[in-house]
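Structure assessment
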Amino acid sequence: MFASSPTPARPPLPAALAERVRPVATASSRLLPLAPALLPLFGGAGLQRGTTTCIAGPVGVGARTLALTMLSAASAAGHWCGVVGLADPGVSAMVELGLDLRRVVFVPSPGGRWSEAAAELFDGADLVLIRPAGPVAHGVARLLVSRARERRAALVVLTTDPARWPLGPERCLVVRSSSWVGVDRGHGHLAARRAEVEVLGRRGASRRERHQLWLPARAGQVLDAAG
Amino acid sequence: MAIRCPGLLAEGDRGDEVRAFLLVLRAAEQLCPWVTPARLGVCTLPARGPSRLLGGEPAVVDALAAEIASACPEVEVQIGVAPGLFGAQLAARVAAVVGDAELADFLAPWSIAVLGRAELATTLPRLGVRTLGELAALPARQVYERFGADALSCHRAASGQVGELPGLRDLAISARLATVAGVSRPSVLQPDFYGGADAAGERAAAAVTRLQGRFGPEAVAIARHRGARDPAARGRLVPFGSEEPLGEPGSGPWPGRLPAPSPTSVLERPRPAAVADVVGRPLAVGAEGLLDGVPDRCAVDGGPWRSVEEWGGPWPVLEHFWSTPRRRARLQLVLEGGVAILVCFEQGNWVLEAVYD
């Protein structure tokens, strides 16, 4: 379809295999699946279509890991995902986090037209992760939120500061602190990062929910670290 | 080094050429695993490693020719060595071994027809320019102003400044070969992969097409994890709908030498960094792979110093025995605030390669 030379015809998959790989996503479900470790941060349910989730934290403490994890269960279940404005994504890391990269479309460097790219992706993807380069104008945010609602897609905003998103998202996850296990002073290696994630309600008020997560754990996936 | 099969450059009806080319590639791989198909009938491989082992490029050429002849005796094969695919293809036609310094002189006498540009091939001779050397002798600016950007690419290739020329490569050849070889390519998007209409996939594909229309074909990408050849090989983003050749293994088997978890931010262009001890003396990794001091602070891109709280490594980066020797070592640093990064040391310089964001 988009390749420069004709696509070779593929033989059909054997029936048993076809059944296993057919995506199980349904367009009618109100919720998109989430990695089990994230469910407690979303009230035990999945990710509601049409909502906006903000993920915030300074660079290098795990916010990107958390944001990418939002795509893992959805992409694995057959939902298409879009990622806008996230340059240099770590492919091995995404594989470790459980993303099905066959269904993730990237627009890494949209420049000033990032919101246009995001709006377009709502037509093709059920979950769109955006990483705005700076504060987002009110009108732009409103447009994206209403487009997401209209298209029944979930919007995830990755930012260093929740104040950069001018509208109250349905949920805001803030990576408050993190520490690595495994490294010392010259010994060992970065094995796992334990992070504290705070869930903010609307208008930034704390719900007084603080969750402990491995962001990531030893094999590179995100796990619950409670207890 | 390029291997050129004159009888396989055009495809007939029955796909025999692709199958024969696959046999040639497999034979070449016996000598060097890093064979890369450039288009049907042409492939490249790095010459330096095998030539160090076998004692010079002519020896490699002979060994390759022998290997291919025994695997597919009916295929006519030409082998040549020159820097860059453009030169190497031509070198193959005349079985030449062309060093870096000799490239411009080697290219000069060839007809401008080898550029594969019909319009230039008609217009340039009328101006007295018939060979690559005569084209290279024209001022680049004039070529650009008179004939445009593509002609400038031709000028650069003709003068030996650039080893590639648009149109030389067929990006889809790897996918064709994989199909014929019956190898599955999990990272390539095929809208009909599930053997039937996938409504979600079609919607996504339509959105991508619109995006590409508005932002350009390179703007939309999909991630490619090179799991096939090296389980820990670096992944990258490739333009949606293209299939890139595997290419030279420049960055080595990374992050395989580092255990999981992998960093979520891997810089396409590593940034210069500085790592110093408590008195500000720059640190280095010695020949035996050890740090010559204790890391105390780190700065990236001329930015402020940040103190190092913890570190792990260094881990020497192991290159394949046939590639040009590069001594590199990686270090994981945890900076104040818990920011974890990966830096790499080579020949006195540190660069920031990745962030565990």
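Placed above this text is the structure.
Residues numbered from 1 in each chain as written. Chains lettered and ligands numbered in written order. Predicted model: local features only at pLDDT ≥ 70, side-chain atom pairs only at ≥ 80, totals over all residues. Heavy atoms only, no water.

1. Observations regarding the overall build of chain A
To keep things clear, this is the line we draw: A helix here means a DSSP run of H or I that spans at least four residues, while a strand means a run of E at least two residues long, and both kinds are numbered starting from the N terminus. Only protein chains enter the calculation, and the probe is 1.4 Å; a residue is then buried if its accessible area is under 20% of its type maximum, exposed if over 50%, and partly exposed in between. A contact between two residues is defined here by any heavy atoms of the two lying within 4.5 Å. Areas reported here follow the Shrake-Rupley algorithm with a probe of radius 1.4 Å; residue values treat only the protein chains shown as occluding.
Counting its regular elements, chain A contains six helices and eleven strands. When the 227 residues of chain A are sorted by exposure, 54% land in the buried category. Long-range pairs, those at least 24 residues apart, make up 63% of the contacts in chain A with a sequence separation of at least 6. Here chain A has roughly 9400 Å² of accessible surface; of this, 54% comes from carbon and sulfur atoms.

2. Considerations on the pattern of salt bridges
Short version of the rule: A pairing counts as a salt bridge when a side-chain nitrogen of Lys or Arg comes within 4 Å of a carboxyl oxygen of Asp or Glu.
What the rule picks out here adds up to 27 salt bridges over all chains. Close ionic contact of A:Asp123 with B:Arg210 constitutes a salt bridge, the shortest N to O distance being 3.6 Å. Placement of A:Asp123 in the loop between helix H5 (114-121) and strand E6 (127-130) and of B:Arg210 in helix H11 (residues 199-215) is noted, with the two residues assigned to different chains. Taking relative accessible area as the criterion, B:Arg210 reaches 35% and is therefore assigned partly exposed. Note that B:Asp16 and B:Arg19 form a salt bridge whose closest N and O atoms lie 3.2 Å from each other. Here B:Arg19 and B:Asp16 lie together in helix H1 (residues 16-29), a separation of three residues that amounts to about one turn. By relative accessible area, B:Asp16 is classed as partly exposed at 33%.

3. Some thoughts on the sheet that holds strand E1 (residues 2-4) of chain B
Residue and element names in this part refer to chain B. Where we set the bar: Strands are labelled as partners when DSSP assigns at least two bridges between them. To define axes, lines are fitted to C-alpha atoms, for helices over the stretch in contact only, and angles between the resulting N-to-C directions are given on a 0 to 180 degree scale.
The sheet built from four strands is open, its strands ordered E2-E3-E1-E4 with antiparallel pairing. Every interior strand has two partners, whereas the edge strands, strand E2 (36-39) and strand E4 (78-80), have only one. Strand-to-strand twist in this sheet, taken as the mean axis angle between neighbours without regard to direction, amounts to 25°. Where E1 meets E4, three bridges bridge the pair, whose relative direction is antiparallel. Residue pairing in the sheet places Ala-2 in a bridge with Gly-80 of E4. Most of the contacts of helix H4 (residues 85-93) go to E4, to which it runs at about 130°, and overall it touches E1, E2, strand E3 (42-44) and E4.

4. A short note on the environment of A:Glu198
All names here are of chain A. The cut-off we apply is this: Two N or O atoms count as a polar contact when they lie within 3.5 Å, although within protein this holds only if one can serve as hydrogen donor and the other as acceptor, and sequence-adjacent residues are included solely when both atoms are side-chain atoms.
Mapped onto the secondary structure, Glu-198 falls in strand E9 (residues 188-200). Along the chain, Glu-198 and Val-174 lie 24 residues apart, while their C-alpha atoms are 5.1 Å from each other. Only 3.3 Å separates the side chain of Glu-198 from the side chain of Arg-210, close enough to count as a polar contact.

5. Comments concerning the nonpolar core
Nonpolar side chains in soluble globular proteins tend to be buried together. The criterion, for reference: Nonpolar cores were defined as sets of buried Ala, Val, Leu, Ile, Met, Phe, Trp, Tyr and Cys residues, with membership established by side-chain atoms within 4.5 Å.
Counting residues in each nonpolar core, the largest one holds 62 residues, and the members touching the most others are B:Leu333 and B:Trp350. Discounting residues that sit within four places of it in the chain, B:Leu333 has contacts with B:Val275, B:Pro295, B:Cys298, B:Val308, B:Glu310, B:Trp311, B:Val339, B:Ala340, B:Ile341 and B:Val343.

6. A short note on the interface of chain A and chain B
Heads up, the rule is: A simple way to read buried area is as the amount of 1.4 Å-probe accessible surface that goes missing from two parts once joined, with both sides added. Under the grouping applied here, Gly and all other residues not named as nonpolar or charged are polar, the nonpolar ones being Ala, Val, Leu, Ile, Met, Phe, Trp, Tyr, Cys and Pro and the charged ones Asp, Glu, Lys and Arg.
The interface of chain A with chain B comprises 66 residues on the first partner and 65 residues on the second. Contact between chain A and chain B buries roughly 5600 Å² in total, counting both sides, with carbon and sulfur atoms accounting for 59%. Summed over the shared surface of chain A and chain B, the number is six salt bridges. Of the charged contacts, one joins B:Asp357 and A:Arg64 as a salt bridge, the two residues approaching to 3.7 Å between their closest N and O atoms. Put simply, chain A and chain B have 18 residue pairs in polar contact (both at pLDDT 80 or more) between them. Elements that contribute at least two residues to the side of chain A that touches chain B include exactly helix H2 (63-69), helix H4 (91-97), strand E5 (104-107), H5, strand E8 (171-183) and E9 of chain A. With seven residues, the single largest contributor to the side of chain A that touches chain B is H4(A). Tallied by class, residues from the side of chain A that touches chain B come to 37 nonpolar, 14 polar and 15 charged.

7. Some remarks on the packing of aromatic side chains
Aromatic ring pairs are reported here in terms of the distance separating the ring centres and the angle at which the planes meet. We count it as follows: For Phe, Tyr and Trp, rings pair up if their centres lie within 6.5 Å, where Trp contributes its six-membered ring, and each pair is then called stacked (planes under 30 degrees apart), edge-to-face (over 60) or tilted (otherwise). A positively charged side chain is recorded as over a ring if its NZ (Lys) or CZ (Arg) lies within 6 Å of the ring centre. The angle to the ring normal must also be within 35 degrees.
Tallied over the full model, the rule gives three aromatic pairs over all chains. Between B:Phe345 and B:Trp350 the ring centres are 4.9 Å apart and the planes differ by 55°, which places this aromatic pair in the tilted class. Over the aromatic face of A:Trp214 sits the side chain of A:Arg194, whose NZ or CZ is 5.4 Å from the ring centroid. A cation over a ring is seen here: B:Arg297 above B:Trp305, with NZ or CZ 6.0 Å from the ring centre.

8. Comments concerning the environment of B:Val294
Examined against the element boundaries, B:Val294 turns out to sit in the loop between strand E7 (265-276) and strand E8 (297-300). The spacing of B:Val294 and B:Val275 is 19 residues in sequence and 9.6 Å in space, taken between C-alpha atoms. Contact partners of B:Val294, with chain neighbours within four places excluded, come to A:Arg185, B:Ala276, B:Asp277, B:Val278, B:Leu283 and B:Trp311.

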